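Residue-level listing of the chains:
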Amino acid sequence: MSSTMDDTAVPPAAETREPRAPLPGPGRTAVELLVAVVGALVVSLAIQFVVGRAPNLVPDTYVPNAALTLLGTALVVGLLGGLVVRRVRTAPGWVRFAGATGGLAALSTLTLALPLLSTRFYLGGTTGDNEFRLRYLERMASGAGLTDFNYEGLPPFYPAGWFWLGGRFANLFGLQGWEAYKPFSIATIAVVSAVTFVLWRLVVRGRTAVVASLATLLMGLHVPGVGEPYAWPTTAWLLPVLVLTWTCLRERDSARWPLVLAGVHLGVCAMTYTLHLAFGAMVVVVMAVLAGVLAVRGGVPRGEVVRGLVGRVAIVAAVSAVLMLVVWAPYLFGGGLGAKNVAAQYLPENSVYFPTPFSPSGPIGLLCLTGLVWAVVRVRASRIAVVALITVGSVYLWYVLSMLALAFDTTLLAFRFNVTVNVTLAVTGTFAAVDTLSWALRRWHVWRRQITAVVVVVAIGLSVGVLQDSMRGPMSGGIEHALTDYYDNGRTPESRDHDPEEEEDEGIWSGRLLAAIDELGTGVPEQETVLSEQHHMLVFRPFWLFHDHRPHYTNPLSRHAERAAQIDEWAESSNPEQLYRRMHSGPFEAPTVVVLKKGEEGNYFYTVKYDTFPRKVAALGRKVTFEPSLFDSPRFDTREVGPYLVVAVR
């Protein structure tokens, strides 16, 4: 398990070439990746099992934080301190490999499992985007097929790859989708950390790979990129994969199998987070163009350069396309090609300002600024610096294109790449530190031990500081929601009853609504089609929806506006018979259960949300009112549950 490439290797355009260790074969790399994945899974699940057996502490305690401070510091000391301990450095390769991957997986798991000890929810609880994620995993856990998380019979629009695996995880351990979301998310972050180390070891020495992988993890916690566990892998792995790709594009005699690895990476993007596929493909094209320009300037015939680069890019494209079709084929062949993407019509504040993580306002800002300066200074001598600048520049180019896209009534969701630029510059900052340390050791060799000791102590202190600040800062909101949101029984993780008269959160009614639906409906959640704007309860059952009242999460094939018009037509019925007839004669499968909210004038209503792009508020609603007399029929079985009316359609 020795290191493979020297991190200071230069492109062929430079006048000097530094020695580089041979790149391992694809077979060995595949074995290392497999071992890292399996090992990280075992470590993460074992730690989660132990943490889950800890005393059931109430949420309002700092005991888990204290445990994390102690254990997290020990792991950081082990990972960074072990880099300079001779006994560790001379240990067998498999021992160092296991220590690095296992240590990173353990740190990832503890950092998330301990603060969430008192809850069954992951970061964010059931709030905001997590509602969609929990419902998606609940859908995938209810069956092995690829299907939309809302609408029966429609292929999925949002990539199902990570959620499908999560569904199999839930089935393996006998959990519902929402119950599996937390342990599967934490295990995912652990696996990502271990795989990140393997990928960086293909680019730099083993010790530097540990530093780069640790920086990636800490930045993922700080941003926090780990809040989207299905999007974090492709962000964390992007930079080392791009460095390998750049090497293959730049050097005609280099091994070609890393291009397959790049194709697999983009394919994983397609299966988990399509926006990353588009961005990654753009970066690969930019690198190919730049590599071609440099080669032509170096005297290589233009035709030869074009043929060679087209062939290499074709390998990446072919592999990624095959993997993409695994998830996207049902949607594309089901009529989704060219359908309007409302999800892209979203313009939050952080999508209209360029990200500036290099503002020197704290340790993270200084690290990113250092990384940016280092990349500019070392651009002619380091392929990592070249790729880092291309990646960061591509993020800003994406922002520009997203702003220009406003003229066409859409965006490119540029804010989603804030994590990318943060991670890239932070990791690049660690290479600046490694270079500085190497320079200092060459210049003052007699003080080698003292300089190394100072650098390691400072690195440990900064790492622990970032870890603690992440818990108190960026991740604190997600932790708070996880500790205070409601379960399917109408209780919070505090396990105490709440007075509905004193609570405004709709989650307090979820348990009673679910009980009413279970009793009045078909009795089989997978056969229940529900119309309701009380979406909190929907994360706990694999119900189908008649209409998702949030347009940005709606499948473009769902005919969202037509469904809204259908609801308007129902409300205009003059009697129960007409209402029933209209519900069952329309173009869509009628709901089996309708959950309406009580109005102020004794009627009931459902709120239809509609897109308001490009306004600051992404969606507004209008009330569709139903008179109580419309349900006065044996065809409708009704029950009042707090501020709601549950109607079973017979």
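Each value, and the rule that gives it
Residues numbered from 1 in each chain as written. Predicted model: local features only at pLDDT ≥ 70, side-chain atom pairs only at ≥ 80, totals over all residues. Heavy atoms only, no water. Helix = DSSP H or I, 4+ residues; strand = E, 2+ residues; numbered from the N terminus. Buried < 20%, exposed > 50% of the residue type's maximum accessible area, 1.4 Å probe, protein only. Contact = heavy atoms within 4.5 Å. Pairing = 2+ DSSP bridges. Patch = residues over 30% accessible without salt bridge, like charges linked within 9 Å, V, L, I, M, F, W, Y side chains within 5 Å. Areas by Shrake-Rupley, 256 points an atom, 1.4 Å probe, with all protein chains shown as cover. Salt bridge = Lys/Arg side-chain N within 4 Å of Asp/Glu carboxyl O. Axes fitted to C-alpha atoms, helices over the stretch in contact; angles between N-to-C directions. Left-handed = near helix turned anticlockwise from the far one by under 90°. Nonpolar A, V, L, I, M, F, W, Y, C, P; charged D, E, K, R; others polar. 1 Å grid on protein atoms, 1.4 Å probe; cavity = no way out; pocket = protein on both sides within 12 Å on 5 of 7 lines; lining within 4 Å. Points joined across faces, edges and corners; volume = space filled by probe spheres on them. Polar contact = N/O pair within 3.5 Å; in protein donor to acceptor, adjacent residues only side chain to side chain.

Draft legend 1. Spatial organisation of the side chain of Arg135. Its place among the elements puts Arg135 in helix H5 (residues 129–141). Residue classification places Arg135 among the buried residues on the basis of a relative accessible area of 4%. Not counting residues within four places of it along the chain, the set of residues in contact with Arg135 comprises Phe149, Asn150, His535, Leu538, Val539, Leu545, Asp548 and Arg550.

Draft legend 2. Up close: the pairing of strand S4 (residues 604–611). The pairing of strand S3 (residues 593–598) with S4 spans 2 bridges and is antiparallel. Following the sheet pairing, Lys597 is matched in S4 by Phe605. Counted along the chain from S3 to the antiparallel partner S4, the turn is 5 residues long, and its residue Gly602 has a positive phi close to 85°. Across 8 bridges, the pairing between S4 and strand S5 (residues 619–626) is antiparallel.

Draft legend 3. Inspection of the environment of Val88 at higher detail. Tracing the chain through its elements places Val88 in helix H3 (residues 86–89). Along the sequence, Val88 and Gly99 sit 11 residues apart, while their C-alpha atoms lie 9.5 Å from each other. When sequence neighbours within four positions are dropped, the list of residues in contact with Val88 reads Gly82 and Arg96.

Draft legend 4. Inspection of unusual backbone geometry at higher detail. Omega for the peptide link from Val223 to Pro224 comes to 0°, which places this bond in the cis form. Along the chain, the position of Pro224 falls in the loop between helix H8 (206–222) and helix H9 (232–236). Its identity is not glycine, yet Asp409 carries a phi of approximately 65°, on the positive side. Among the secondary structure elements, Asp409 is positioned in the loop between helix H15 (383–404) and helix H16 (418–443). Here Arg559, not a glycine, exhibits a phi torsion of approximately 60°, which is positive. With respect to the secondary-structure elements, Arg559 resides in the loop between strand S2 (544–545) and helix H20 (560–571).

Draft legend 5. Spotlight on a nonpolar patch on the surface. Together, Phe354, Leu397, Val400, Leu401 and Leu404 make up an exposed nonpolar region whose accessible area comes to about 420 Å². The residue Phe354 is located in the loop between helix H13 (302–336) and helix H14 (363–377) in this model.

Draft legend 6. Structural detail: the packing of helix H7 (residues 177–201) against H8. Two elements in contact, H7 and H8, have axes whose closest approach is 8 Å; the angle formed by their N-to-C orientations is 145°. The crossing of H7 and H8 is right-handed. Contacts between H7 and H8 involve Ile189, Ser193, Thr196, Phe197, Trp200 and Arg201 from the first element and Gly206, Ala209, Val210, Ala212, Ser213, Thr216 and Leu217 from the second. Within the contact of H7 with H8, the residues separate by chemical class into 7 nonpolar, 5 polar and 1 charged.

Draft legend 7. Here's a closer look at the environment of Phe163. You can see Phe163 is positioned in helix H6 (residues 161–173). Between the C-alpha atom of Phe163 and that of Thr272, which follows or precedes it by 109 residues, the distance is 8.2 Å. Those residues within four positions of Phe163 in sequence are excluded, and the remaining contacts are Arg133, Tyr136, Leu137, Met140 and Tyr230.

Draft legend 8. Layout of the layout of surface pockets. Of the volumes computed, that of the second largest pocket is approximately 1500 Å³. Taken together, 45 residues form the lining of the second largest pocket, with Val211, Ala433, Val434, Leu437 and Val455 sitting closest to its centre. Those elements that provide at least two residues to the lining of the second largest pocket are H3, H8, H14, H16 and helix H17 (448–472). The element that contributes the greatest number of residues to the lining of the second largest pocket is H16, accounting for 13 residues.

Draft legend 9. Quick look at the environment of Thr101. Looking at the secondary structure, you find Thr101 in helix H4 (residues 93–113). For Thr101, a relative accessible area of 9% translates into the label buried. Separated by 257 residues in sequence, Thr101 and Phe358 place their C-alpha atoms 29 Å apart. Other than its neighbours up to four places away in sequence, Thr101 contacts Ala36, Ala194 and Phe197. Side-chain polar atoms of Thr101 contact the backbone oxygen of Ala98, separated by 3.5 Å.

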